[in-house]
Amino acid sequence: MSMNNQKEKVIIIGSGAAGFTAAIYAARANLNPIVIEGIQPGGQLTITTDVENYPGYADVVQGPWMMEQMRSQAIKVGARIINDIVVKIDLKQNEKIVVLDSNKSLTADTIIIATGAQAKWLGLESENKYNGRGVSACATCDGFFYRNKEVAVVGGGNTAVEEALYLSNICSKVNLIHRRDALRSEKILQDRLFAKKNINIIWNNQVSEILGDENGVNALKLISTKQNKTEIIKVDGVFIAIGHSPSTKPFKDVLEMDNEGYIIAQKPGTTITNLDGVFAAGDCVDKIYRQAVTAAGMGCMAALDAEKWIQSHNL
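Below: a short report on this structure. Keep in mind the model is a prediction, meaning the values are calculated, not measured.

The rules we used
All residue numbers refer to position in the chain's written sequence, counted from 1. Since the coordinates come from a predicted model, pLDDT governs what is reported: local features require at least 70, and pairs of side-chain atoms require 80 or more to be given and counted, while whole-chain, interface and lining totals use all residues. As a convention, hydrogens and water are excluded, and side-chain values are obtained from all of the structure's heavy atoms. Each helix is a run of DSSP H or I of at least 4 residues and each strand a run of E of at least 2, with the numbering of both proceeding from the N terminus. Computation of the radius of gyration draws on C-alpha atoms, with the globule rule given as 2.2 Å multiplied by the number of residues to the power 0.38. Residues count as neighbours in contact if any of their non-hydrogen atoms are within 4.5 Å of one another. Per-residue and other accessible areas follow the Shrake-Rupley method at a 1.4 Å probe size, with only the shown protein chains counted as cover for residues. Asp and Glu count as negative and Lys and Arg as positive, but His and the ends of the chain are not part of the count. The atom standing in for a charge is NZ when the residue is Lys, CZ when it is Arg, CG when it is Asp and CD when it is Glu. Structural elements are reduced to axes, namely lines fitted to C-alpha atoms, with helices fitted over the stretch in contact, and the angle between N-to-C directions of any two is expressed from 0 to 180 degrees. For this classification, under 35 degrees means roughly parallel, over 145 means roughly antiparallel, 65 to 115 means roughly perpendicular, and everything else is oblique. We call a crossing left-handed when the near helix sits turned anticlockwise from the far one by less than a right angle, and right-handed when that turn is clockwise. Three classes are used: nonpolar for Ala, Val, Leu, Ile, Met, Phe, Trp, Tyr, Cys and Pro, charged for Asp, Glu, Lys and Arg, and polar for all others, with Gly counted as polar. Two cysteine sulfurs form a disulfide in these notes if their separation is within 2.5 Å. Partly exposed describes any residue whose relative accessible area lies between the buried limit of under 20% and the exposed limit of over 50%, with all areas from a 1.4 Å probe on protein chains only and scaled to the type maximum. Here, a salt bridge means any Lys or Arg side-chain nitrogen found within 4 Å of an Asp or Glu carboxyl oxygen.

So, about the overall build of the chain. A tally of helices and strands in the chain yields 7 helices and 19 strands. For 315 residues, the compact-globule estimate of 2.2 N^0.38 gives 20 Å, and the C-alpha radius of gyration of the chain, at 21 Å, lies within 12% of that figure. For the chain, the C-alpha atoms occupy an extent of roughly 65 × 40 × 35 Å along the three principal directions. For the chain, contacts bridging at least 24 residues in sequence account for 59% of all contacts bridging at least 6. Accessible surface, the chain: about 15800 Å² in total, of which carbon and sulfur atoms supply 48%. Between the centroid of the 33 positive side chains of the chain and the centroid of its 34 negative side chains there is a distance of 3 Å.

Spelled out as structure tokens, the structure:
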């Protein structure tokens, strides 16, 4: 059953910084966009506490509040928001069809995909307990709060090494915890890591529990992967850096993606995908920066790209 009788000009799938920014720009261009909020309305910032690196706020703001402000702004300028989940999508026809979990369907001239990405977690109960209180998946976002403190990074790939290097310029000591005896990261990154005097690598260990109190994380319980041995190390925070998973499963075999599932922009400096009239923005495309401000910038780009596409097709 169709939700309405007219074809929408723009449907935005996702409601993080990229999705809401796209909605603001599309609405201001009189495109009357619809935003489908998805399974995590507000995106990753809704599980972030202190936000200190988004331009425009002299004082620290809370992630959930910030996303509520973006949502309110999008509504105020004319965007329509649907609290639903996309279960099926047909982007190959001129009339793009989006089927929702509520069994309703929408059609559109253009689609902006802003479904984001999710950090991979260890799956510990204590990890969830202290998320935002000493547990983070983004050193660039939260590293400043651990200035001159001791922290840990978990992982052994490029992400983990890059996080450790970044934190080494802020923190007094960085413990890199890896379950194997060799890193998977690029050699040039390893060389930089080994040259840092305040980075301590703990080989052949994995985190079995994150310890803390009412103030947050204060230690990690490690278990050896080689022998039945445990130890506790004191840290003020832990950064989980075992990778991210882009939320692009519904678009598999439809949109061109890399081997990790990130949507590929067909032309550098744009949000254009391999399908005509379909655009992608934010962390489902960007696996390098993964910041709220860059996601918002790409959301703006996607709305402008969609507006240009609509004009060029006289719609």
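So that's the structure; there's more coming.
What follows is about the packing of helix α1 (residues 17–28) against helix α2 (residues 63–76). Orientation of α1 relative to α2, taken along the N-to-C sense of each, is 25 degrees, at an axis distance of 9 Å. Between α1 and α2, the angle is such that the two are roughly parallel. Classified by chirality, the crossing of α2 by α1 is left-handed. Between α1, through Ala17, Phe20, Ala23 and Ile24, and α2, the contact on the second element is made entirely by Met67, Met70, Arg71, Gln73 and Ala74. Taken together, the residues of the contact of α1 with α2 break down into 7 nonpolar, 1 polar and 1 charged.

The final tally for this structure, using the stated rule, is 1 disulfide. Linked covalently through their sulfurs, Cys138 and Cys141 form a disulfide whose S-S length is 2.2 Å. An S-S torsion of about 70 degrees defines the bridge between Cys138 and Cys141 as right-handed. Note on Cys138: relative accessible area 16%, which makes it buried. The structure places no disulfide on Cys171, whose sulfur is separated from the nearest cysteine sulfur, that of Cys138, by 13 Å.

Applying the stated criterion across every chain yields a total of 7 salt bridges. With a closest N to O distance of 2.5 Å, Arg80 and Glu8 form a salt bridge. Here Glu8 lies in strand β1 (residues 8–13) and Arg80 lies in strand β5 (residues 80–82), a separation of 72 residues in the sequence. Arg80 gets classed as partly exposed once you look at its relative accessible area, which sits at 27%. A salt bridge links Glu260 to Lys287, with the nearest nitrogen and oxygen atoms 2.8 Å apart. Of this pair, Glu260 sits in the loop between β18 (244–246) and β19 (278–280) while Lys287 sits in the loop between β19 and α7 (292–312), and the two are 27 residues apart along the sequence.

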